[in-house]
Amino acid sequence: LLPQGKVSNEEAGEGEVLLSNQPRKREPSFLRALLTTFGPYFLIGSFYKLIQDLLSFVNPQLLSILIQFVSNRSAPAWWGFLVAGLMFGCSIIQTLILHQHFQYVFVTGIRLRAGITGVIYRKALVITNSAKRSSTLGEIVNLMSVDAQRFTDLVNFLNMLWSAPMQIILAIYFLWQNLGPSVLAGVALMILLIPLNGAIAMKTRAFQVEQMGYKDSRIKLMSEILSGIKVLKLYAWELSFSQMIEKIRQGELQVLRKMAFLNAVSTFTWFSAPFLVSLITFAVYVSVDDKNILDAQKAFVSLSLFNILKFPLNALPQVISILTQTSVSLKRIQHFLNHEELDPQCVETKTISPGPIGFFSAHASQLTLDSWFSLLPTSLNLQVPKGSLVAIVGPVGCGKTSLISALLGEMEKLEGKVAVKGSVAYVPQQAWIQNATLQDNVLFGQPMDQKRYQGILEACALLTDLDVLPGGDQTEIGEKGINLSGGQRQRVSLARAVYSDADIFLLDDPLSAVDSHVAKHIFDHVIGPGGVLGGKTRILVTHGVSFLSQADLIIVLGDGRVSEAGSFSALLQQEGAFAEFLRNYVPDDDNFQEEDSATVLPNEEILLMEDTLSNHTDLTDNEPVTNEVRKQFMRQLSTLSSEGEGPGRPSTRRRVGPVEKKKTLESAVTRGELIQAETAEMGTVKLSVFWAYAKAVGLCISVTVCFLYTCQSAAAIGANIWLSDWTNEPVINGTQSNTSLRLGVYAALGILQGIFVMMSSFTLAIGGIQAARTLHNNLLANKMHSPQFFYDTTPSGRILNRFSKDIYVIDEVIPPTILMLLGTFFNSASTLVVIMSSTPLFVVVILPLAGLYIFVQRFYAATSRQLKRLESVSRSPIYSHFSETVTGASVIRAYRRSQDFMAISDAKVDANQKSCYPNIISNRWLGIRVEFVGNCVVFFAALFAVIGRQSLNPGLVGLSVSYALQVTLSLNWMVRMASDLENNIVAVERVREYSETKTEAPWVIEGSRPPPDWPHQGEVEFVNYSVRYREGLELVLKNLSLRVKGGEKVGIVGRTGAGKSSMTLCLFRILEAAQGEILIDGVNIASIGLHDLRSMLTIIPQDPVLFSGTLRMNLDPFGKYSDEEMWQALELSSLHKFVGSQPQGLDFECSEGGENLSVGQRQLVCLARALLRKSRILVLDEATAAIDLETDGLIQATIRSQFEGCTVLTIAHRLNTIMDYTRVLVLDKGTIAEFDSPTNLIMARGIFYGMAKDAGLA
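Model, not experiment: these values are computed from the prediction. (Residues numbered from 1 in each chain as written. Predicted model: local features only at pLDDT ≥ 70, side-chain atom pairs only at ≥ 80, totals over all residues. Heavy atoms only, no water.)

A. A look at the overall build of the chain. Looking only at helices and strands, the chain has 39 helices and 22 strands in total. A total of 1258 residues make up the chain; the buried ones form 56% of that total. Residue pairs at least 24 apart in sequence account for 80% of intrachain contacts in the chain once pairs closer than 6 positions are excluded. Accessible area for the chain stands at about 51,900 Å²; split by element, carbon and sulfur atoms hold 60% of it. (Helix = DSSP H or I, 4+ residues; strand = E, 2+ residues; numbered from the N terminus. Buried < 20%, exposed > 50% of the residue type's maximum accessible area, 1.4 Å probe, protein only. Contact = heavy atoms within 4.5 Å. Areas by Shrake-Rupley, 256 points an atom, 1.4 Å probe, with all protein chains shown as cover.)

Here it is, written out as structure tokens:
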């Protein structure tokens, strides 16, 4: 290890290496690294900016010469033409230089982003786990997306820091020359307006933060609703959750409205400032001294200078606020890059004599995720011989996973040493699956060897899954392995390890997620002495007792220490902790003989149903084992089927009937893609979308806004014409008459203009909020009423996108865009009106210029829209790959693939840059073309003024040319706003698309509501009932007819895919009948509203879903029950002790998805919900492997005692739970195979008998 205090070069992040090689005490500075790397290129751009700023002051001087020329009738004509030509030339040079500057600046921006992204990515691969915990995954991804983007935004403005003050000083200098000291009055006002704008900006920021808070909580709740939508439907809870969303949304719109008020005020100051400044300056100028005469030259040259001043004054506060934001980002990135890194020397890889792995009194400290011991494993001494199978066992939280992490070098080593010889393959406890094809996940960058690959798939029991997955091993697996079941993920992860053919295998509990018979298959074919990994060194963390007898060495951990170690037989004789552990779980040590054959039942097409239990059943009496332990052991091992079959989630371990297969195929059968690609609209946006938005805003508001804008333009033109008239007033002995009247009217017109602006921006904001409310409410209402199959075929991210991104665009992007668009449009229009009225000849050139302009606009809009789409499509893979890398960092490091992953990330960034760069270039292309049109307007206005100077007075020339000089900016913005609006209005279309999808039946049908105490008996009858998952798929249940009497307990069993879960979904009308009907107490359930039906039935679903919020809300979102009733329910579901021990009691906050409760506790919360509802019919979809035996026993006992008189339908995976039920229904391929009492069925020796025999119950 390096001496303390010195920083090795690898550790110092890339930035420091760029700067110096000798080690330093100081923290490496990220800013210096950035400046060194990107500074020089950026400075070239700054140089261009300097020239452009200086050139912008030439045109006002030329205007002053032009006005002199018009008022001096004797000047030669060429003089005028020369001035007009110079004006044009100067503008063109300015345009070219400005865009050069932009080019350099924006390219610096995207380079910066790429660089920062790369540094963060590389750092994320080497930070320690404690560092990773100090910032969540979301925060790290944010560094890459938000903070890196901030730098890009800042670069565009950075030059304003010196350019704005310089422009302001120059403008004041020229104004002083023109008007003398009176200028100071105007400048004083400008300076006064800066703090006002600053205050408004601060306030707006505060509101934005508040609004972000609302938005975050709304999106968070929405994403939970989408992930638990099935549960909401089953419990009929949609109403209470949509009210919660609406309440948050109400607050959000409240804040938006306040922001709109502020915006209206700031728009008012923005628009009126230049006018007020010129008004005050002129007023002071004429009233200081009667001899001061306001002639055309002074007035209009000053106006054009004031217009130049407008931009830097407004830009300064903006730049400062962006600077502060970026400095925060800089600190955050700097902090992240300074995190501690894993010490590559922590695990020695040199040879050690006895075997490939050794811990020599190693102390490794690190808080593992689920424990609070500061030292884990505290001190260990162990050596593992080469080629042995070591099993590590011990209670939860005793440091088994930490031991594996220490071997991988993921822990901080306090003392001692750890040595590992050879390459390592690692299977983490939570399988890490990449978003790639299944084959890529297994190969993991290794070359393909077909024969070995097939062998490994078979050994890991993956072949059967490939039959089910729509595209075989080319099936694309969603992020985090979303379309695989837990067991499948674990097996893919194991296959990856086996394929890597390493020397040492670290297996962290790979058998927990799979069923017992699959676990046995995997142990025999992969991990065990006869498996693929036979001769390798294997370290296996396990909870499964049955495999321990085959391990060469068993290490028992307790509280981070090795409490015992030795072979199986040796440990049994020691009578220590291990023997105790075994006795709790295993009735008899004769059980551990290796079974010879896998009995495969030929008639059922089961591949993997090993006869796991046949020889565990004849228990001898030499151990005083209570019946209870025996029952639990049976239950653990008789897991019959893997996981409930639900649409869209193929999670089967065995060959599956055609139905299940068909279900998951849906549309993309051939390609193996789970989800239909999202449609990106091509081409232009339909007018109907604009119309829809106008309707949502309200037609009368839309008309009002346009009317107000027209008034505002009229007032502005009026004020300037009045000014030009004033400057032409004859001078009588050194003074002009009635100045006060002139000033008064000028002021009135100007202020009127400001008021109109404010009113229009306010009206528009109100309209925008109105539209946002309407569109969101329609979307929410529709989504709450969407049938379940919509959610099965649509990824929740896509729906969530509508609620976050698209609603955000409708809330905050579209209204200001429309405001700017209307402003620039009326501005440009009034310019043309003024020029035409003063020089009518101008009409001739208007048409060709307009033609050119519109062509450029259309061309740009189409290109830019597709480029933006490409850019956003290529951007998200960067972040999703990054978040995948952060979650799988330990796996990537274990397989030593960090370099490959950096290359993948860089390739993704490059792909994104490829679409960013054309986007920048397209903006430059547009800028030059549009500004050329603007420059032509200036040229022709000046040219026609020269040609018609006989009929013109200097006032009119000044008016028309000074107007022309500002038109360029308006034209430029108008194109951009128009294409922005087109890009963003798509959000309205997307939201509407999801507000008009098909809905399920009404929640309440007023005419036919069931009687209040229905169902009274709880009798359920299926009459010729058939059902399919979706249109065009085969029937899942075919012509079921059966009758369950009130109070009966019926178990439903069948192989995976037989339609067990479908039956319960039909009761709740999640699936609607294809034919036939279901009667409950004689009422046809199809004739009543969904809520009336669902709120009268109770289900305990397979996977317990909790929502973030209080426990009280999770039990009773409508607030129907008293606290007493809730405590009673908790008492019965044995959660009383846990909840009572929490300081908040019922207001205990559950985290998202109930993460802060164990799975067992979550299951008990679901039981408590059922107990609260106390309905006559209870459906129990039995949980599979996740639940521990204790909890399972509790739930069964509670149901037996509490739901005595109720009808109970149980979908059983473990037969022993239903052996005492009244009747058992055996389903086979969607039809009733057998239906009778368990004893009779066993006598009948049919399918049920076969299943019971497998489970050792017959």
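B. Focus on unusual backbone geometry. The omega torsion of the bond from Trp1014 to Pro1015 falls at -10°, within 30 degrees of zero and hence cis. Along the polypeptide, Pro1015 turns up in the loop between helix H30 (954–995) and strand E11 (1020–1028). Its identity as a non-glycine residue notwithstanding, Asn1039 has a phi of 45°, on the positive side. Classification of Asn1039 as partly exposed rests on a relative accessible area of 48%. One non-glycine residue, Arg1069, lies in the positive phi region at around 55°. Within the secondary structure layout, Arg1069 lies in the loop between helix H31 (1060–1067) and strand E14 (1073–1080). Overall, the relative accessible area of 7% leaves Arg1069 in the buried class.

C. Broad picture of the packing of helix H4 (residues 77–124) against helix H29 (residues 898–947). Relative orientation of the contacting elements H4 and H29 amounts to 170°, with a least axis distance of 9 Å. Taken together, H4 and H29 sit at an angle that is classed as roughly antiparallel. Judged by the sense of rotation from one axis to the other, the crossing of H4 with H29 is right-handed. A class-by-class count of the residues in the contact of H4 with H29 yields 30 nonpolar, 12 polar and 6 charged. (Axes fitted to C-alpha atoms, helices over the stretch in contact; angles between N-to-C directions. Parallel < 35°, antiparallel > 145°, perpendicular 65-115°, else oblique. Left-handed = near helix turned anticlockwise from the far one by under 90°. Nonpolar A, V, L, I, M, F, W, Y, C, P; charged D, E, K, R; others polar.)

D. How the structure looks around the pattern of salt bridges. As enumerated under the stated definition, the model contains 32 salt bridges in all. For Asp980, the salt bridge is made with Lys868, and the minimal N-O distance between the two is 3.8 Å. With Asp980 in helix H30 and Lys868 in helix H27 (residues 843–887), the pair connects residues that are 112 residues apart, well separated along the chain. Of the charged contacts in the structure, one is a salt bridge between Asp1220 and Arg1200, with a shortest N-O distance of 2.9 Å. Taken together, the residues Asp1220 in the loop between strand E20 (1207–1211) and strand E21 (1223–1228) and Arg1200 in helix H37 (residues 1189–1202) connect sequence positions 20 residues apart. Since its relative accessible area comes to 32%, Arg1200 is described here as partly exposed. Through salt bridges with shared partners, a single network forms among Arg218, Arg249, Glu252 and Asp811. (Salt bridge = Lys/Arg side-chain N within 4 Å of Asp/Glu carboxyl O.)

E. How the structure looks around the sheet that holds E20. The strand order across the open sheet formed by 6 strands is E16-E19-E20-E13-E21-E22, and the pairing between neighbours is mixed. Strands at the two margins of the open sheet, each flanked by one partner only, are strand E16 (1097–1100) and strand E22 (1231–1236). For this sheet the average axis-to-axis angle between neighbouring strands, irrespective of direction, equals 20°. Sheet analysis places strand E13 (residues 1049–1053) next to E21, joined by 4 bridges and oriented parallel. (Pairing = 2+ DSSP bridges.)

F. Focus on the packing of helix H6 (residues 137–158) against H27. For the pair H6 and H27, interaxial distance at closest approach is 10 Å and the crossing angle is 140°. The orientation of H6 relative to H27 falls into the category oblique. Of the two elements, H6 crosses H27, and the hand of that crossing is right-handed. Facing H6, whose interface residues are Leu137, Ile140, Val141, Met144 and Ser145, H27 presents Ile878, Tyr879, Phe882, Ser883, Val886 and Thr887. Split into classes, the residues belonging to the contact of H6 with H27 amount to 8 nonpolar, 3 polar and no charged.

G. Spotlight on the sheet that holds E14. Overall, antiparallel pairing links the 4 strands, which are arranged E12-E11-E14-E15 in an open sheet. Lying at the two open borders of the sheet, with one neighbouring strand each, are strand E12 (1035–1044) and strand E15 (1083–1084). Sheet contacts for H31: E11, E12 and E14; angle to E12, the most-contacted strand, approximately 70°.

H. Focus on the packing of aromatic side chains. All chains considered together, the criterion is met by 32 aromatic pairs. For the pair Phe261 and Phe762, a centre-to-centre distance of 4.4 Å together with 35° between the ring planes defines the contact as tilted. Of this pair, Phe261 sits in helix H10 (residues 238–288) while Phe762 sits in helix H24 (residues 739–785), placing them 501 residues apart in sequence. Judged by relative accessible area, Phe261 falls into the partly exposed class, the value being 45%. You can call Phe762 partly exposed: its relative accessible area is 22%. Centre to centre, the rings of Tyr709 and Phe826 are 5.5 Å apart; their planes meet at 0°, and the pair counts as stacked. With Tyr709 in helix H23 (residues 699–727) and Phe826 in helix H26 (residues 796–838), this pair connects stretches of sequence that are 117 residues apart. For the residue pair Tyr709 and Phe826, the accessibility class agrees, reading buried in each case. (Phe/Tyr/Trp six-rings, centres within 6.5 Å; stacked < 30°, edge-to-face > 60°.)

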